[in-house]
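Each chain is listed here by its residues.
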Amino acid sequence: MTPDPRVRVVAEIRTEHLFDIVVDLKPRLDIGAGPIGRRVLFGAAGGSFDGPKLRGEVLGGGGDWALFRSDGVMTLDVRLILRTHDDHLVHMTYGGRWVTPAELRTAMADPVTRHQVDPAGYYFRTNPLFETGAQPYAWLNDIVCVGSGYLVEGGIAYKVAHVM
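**Details of the nonpolar core**
Phase 1 of the analysis: The biggest cluster of nonpolar side chains holds 35 residues, and the ones touching the most others in it are Phe19, Ile21, Leu80, Leu82 and Phe130.
Phase 2 of the analysis: Of all the secondary structure elements, the ones that give two or more residues to this core are strand S1 (15–25), strand S3 (37–50), strand S6 (74–84), strand S7 (89–99), strand S10 (144–152) and strand S11 (155–163).
Phase 3 of the analysis: Here this core gets five residues from one element, more than from any other, and that element is S6.
Phase 4 of the analysis: Once you skip the residues sitting within four places of it in the chain, Leu82 turns out to touch Phe19, Ile21, Phe49, Glu57, Val58, His88, Leu89, Val90, Met92 and Phe130.

**Considering the side chain of His162**
Phase 1 of the analysis: In this structure, His162 sits in strand S11.
Phase 2 of the analysis: In contact with His162, other than residues within four places in its own chain, are Arg14, Thr15, Glu16, Leu18, Ile143, Val144 and Cys145.

**Side note on the pattern of salt bridges**
Phase 1 of the analysis: Taken as a whole and assessed by the stated rule, the structure comprises eight salt bridges.
Phase 2 of the analysis: For Arg83, the salt bridge goes to Glu57, with nearest N and O atoms at 3.4 Å. Taken together, the positions of Arg83 in strand S6 and Glu57 in strand S4 (residues 55–58) put the pair 26 residues apart, joining distant regions of the chain.
Phase 3 of the analysis: Arg83 serves as the salt-bridge partner of Asp87, at 3.1 Å between the closest nitrogen and oxygen.
Phase 4 of the analysis: Each of the salt bridges in this network shares a partner with another, and the network as a whole consists of Glu57, Arg83 and Asp87.

**What to know about the pairing of strand S2 (residues 29–34)**
Phase 1 of the analysis: Examined bridge by bridge, S2 and S3 share five bridges and lie antiparallel to one another. The residue bridging Leu29 from the neighbouring strand is Leu41, located in S3.
Phase 2 of the analysis: In this structure, the hairpin formed by S2 and S3 is closed by a connection of two residues.

The rules behind the values
- Residues numbered from 1 in each chain as written.
- Predicted model: local features only at pLDDT ≥ 70, side-chain atom pairs only at ≥ 80, totals over all residues.
- Heavy atoms only, no water.
- Core = buried A, V, L, I, M, F, W, Y, C linked by side-chain atoms within 4.5 Å.
- Buried < 20%, exposed > 50% of the residue type's maximum accessible area, 1.4 Å probe, protein only.
- Helix = DSSP H or I, 4+ residues; strand = E, 2+ residues; numbered from the N terminus.
- Contact = heavy atoms within 4.5 Å.
- Salt bridge = Lys/Arg side-chain N within 4 Å of Asp/Glu carboxyl O.
- Pairing = 2+ DSSP bridges.

What follows is the structure, given as structure tokens:
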């Protein structure tokens, strides 16, 4: 097949580390199996984030309105509020996919030991966006990010990168 002549070579996609974030989770609320899958709320109980330009705490009250599809893939629908170290609020949202191979699902279902499963064995990616009225962080309103997630004891964590 001949390449479309309208396709141009543009700058390669580059990323820059924005922050690492840990979200402590409340016990999950299983809403149940509906027509498109099993809906579960993983409520945020708190946490922290730290990076070169941004650091602070994750406030309780947000969460992930996750959907478990019939093929075992979890789709994410997350809303969090971050409070920066200098007391500004930032709304963080992201979707994403968490694909766990069938052979790891039993280990991942055990809340006591699931954080010990090697994250290289599953695919857990997100696309964070931000909204704030805080002038020092207004630049967050105009960026797109990607995140790579993994389990930690009592919650989840992500490495978040700004797509340049």
